[in-house]
Structure formats: structure tokens, C-alpha cells
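# Results of the structural survey
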Amino acid sequence: WYTMYKKAKGIAVNNNVTSSMIWGSQYDAMMNWMAKNGTNVGSSISGYNNTTKTGSKDTDVINNIYDLYGCHKEWTLEAFQSKHRVKRGGSSGGGGSPDACEINIPIDTYSYYSSRATLYIK
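Figured I'd write up the structure that's included with this text. Within each chain, residues carry numbers counting from 1 in the order of the written sequence. Note on the predicted model: pLDDT of at least 70 is required for a residue's local features to be given, and 80 or more for side-chain atom pairs to be given and counted; whole-chain, interface and lining totals, by contrast, use all residues. Each side-chain value is derived from all of the structure's non-hydrogen atoms; neither hydrogens nor water enter the calculation.

### Structural notes on the overall build of the protein
Under the convention used in this document: Secondary structure elements follow DSSP: runs of H or I of four or more residues count as helices, runs of E of two or more count as strands, with numbering from the N terminus. Residue burial is assigned from relative accessible area. The probe radius is 1.4 Å, only protein chains are included, and a residue is buried under 20% of its type maximum, exposed over 50%, and partly exposed in between. By the convention used here, residues are in contact when the closest approach between their heavy atoms is within 4.5 Å.
When helices and strands are tallied, the protein shows 2 helices and 8 strands. Going from the N terminus to the C terminus, the protein shows its helices and strands as α-β-α-β-β-β-β-β-β-β. Sorting the 122 residues of the protein into buried and exposed places 38% on the buried side. A sequence separation of at least 24 residues applies to 52% of the contacts in the protein between residues at least 6 apart.

### Quick look at the nonpolar core
Convention followed: Buried Ala, Val, Leu, Ile, Met, Phe, Trp, Tyr and Cys residues form a nonpolar core when they are joined through side-chain atoms within 4.5 Å.
Trp1, Ala8, Met21, Trp75, Leu77, Tyr112 and Tyr113 together form the largest nonpolar core, which totals 7 residues. Sequence-distant contacts of Met21, that is, excluding residues within four places in its chain, are made with Trp1, Met4, Tyr5, Ala8, Trp75, Thr76, Leu77, Ser115, Arg116 and Thr118. Tyr27, Met30, Met31 and Met34 belong to the second largest nonpolar core, which has 6 residues in total.

### Considerations on the environment of Tyr27
For Tyr27, the position within the fold is in helix H2 (residues 24–36). A relative accessible area of 0% means that Tyr27 is categorised as buried. Through-space distance from the C-alpha of Tyr27 to that of Pro98 is 9.5 Å; in sequence the pair is 71 residues apart.

### Some remarks on the packing of aromatic side chains
Aromatic ring pairs: the centre-centre distance and the angle between the two ring planes describe each pair. Filter applied, for reference: Any two rings among Phe, Tyr and Trp, with Trp reduced to its six-membered ring, count as a pair given centres within 6.5 Å; such a pair is stacked if its planes are under 30 degrees apart, edge-to-face if over 60, and tilted if neither. The criterion for a charge sitting over a ring is simple: Lys NZ or Arg CZ within 6 Å of the ring centre, and within 35 degrees of the ring normal.
In this structure the tally under the stated criterion is 3 aromatic pairs. A centroid spacing of 5.2 Å and a plane angle of 90° characterise the contact between Trp1 and Tyr2, whose relative ring orientation is edge-to-face. Assessed through its relative accessible area of 11%, Trp1 is described here as buried. A centroid spacing of 5.2 Å and a plane angle of 10° characterise the contact between Trp1 and Tyr5, whose relative ring orientation is stacked. Here Tyr5 falls in the partly exposed class, since its relative accessible area comes to 30%. Three or more aromatic residues joined by ring pairs make a cluster, and in this case those are Trp1, Tyr2 and Tyr5. Above the ring of Trp1, the side-chain terminus of Arg85 is found at 4.8 Å from the ring centroid. The lysine or arginine in question, Lys87, covers the ring of Trp75, its NZ or CZ lying 5.8 Å from the ring centre.

Printed below as a string of C-alpha cells:
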């Protein structure tokens, strides 16, 4: 988590743009938007949660949001108590659906953990 947090903060190299790891509320907003547009975010889909190239299936790209059924659980800035961080989604290593939500200590490292960066224009 700490390494991904630092990398996300360093993506923006322009003084007019700020970058960050995705907030839990932003992830919730994606799930709500997808659900309102007919995507079942509460279940796994057969053939997903594996190492298939992202975007190779039509339902893997929703309004240019890639790989929500994909192969990585995604760390967020959301915290649970002071020692845990929240990760979202499913993964090749642990299954799950896009709306899955779990807590872990931020020093856990698995190859199927990642994060999304967000960009803010000042």
C-alpha cells in the first residue's frame, strides 16, 4: 500500500494536476454508476478474475473504465481503524466481484494487489 500510495502521488508532473490513489468513495461511485447502467457488480463472471488481457472482453470496458472484473484487488485511500486499509474488487488470486470490499494491513504484498490513480485538475 505504501509504495503504491507514493507512486500514485508522483504520477502528476504538471503543477496544474494532482494525482492520488483512488478514494473508496470514488470506487463506490463507479460501482453505483455501473449498477444503474445494468452491470451486475455483485457477482463474479465466469472467465474473469484471471490473467486475461484487460479490455479483451466487451464487458471489461465500461465507459473507458478497464478491468473491474480483472485480475487485481485494488487498494484505496479508505481506512478501517488506524492499522488497516481497504481494497476493492476481485482478483485472480482471491476471486470476488467488482463490489467486493476487504481490509488488510497495508504492508501485505501479493502479486494480485494493485491500485487506481486519480488525477485532479487544479
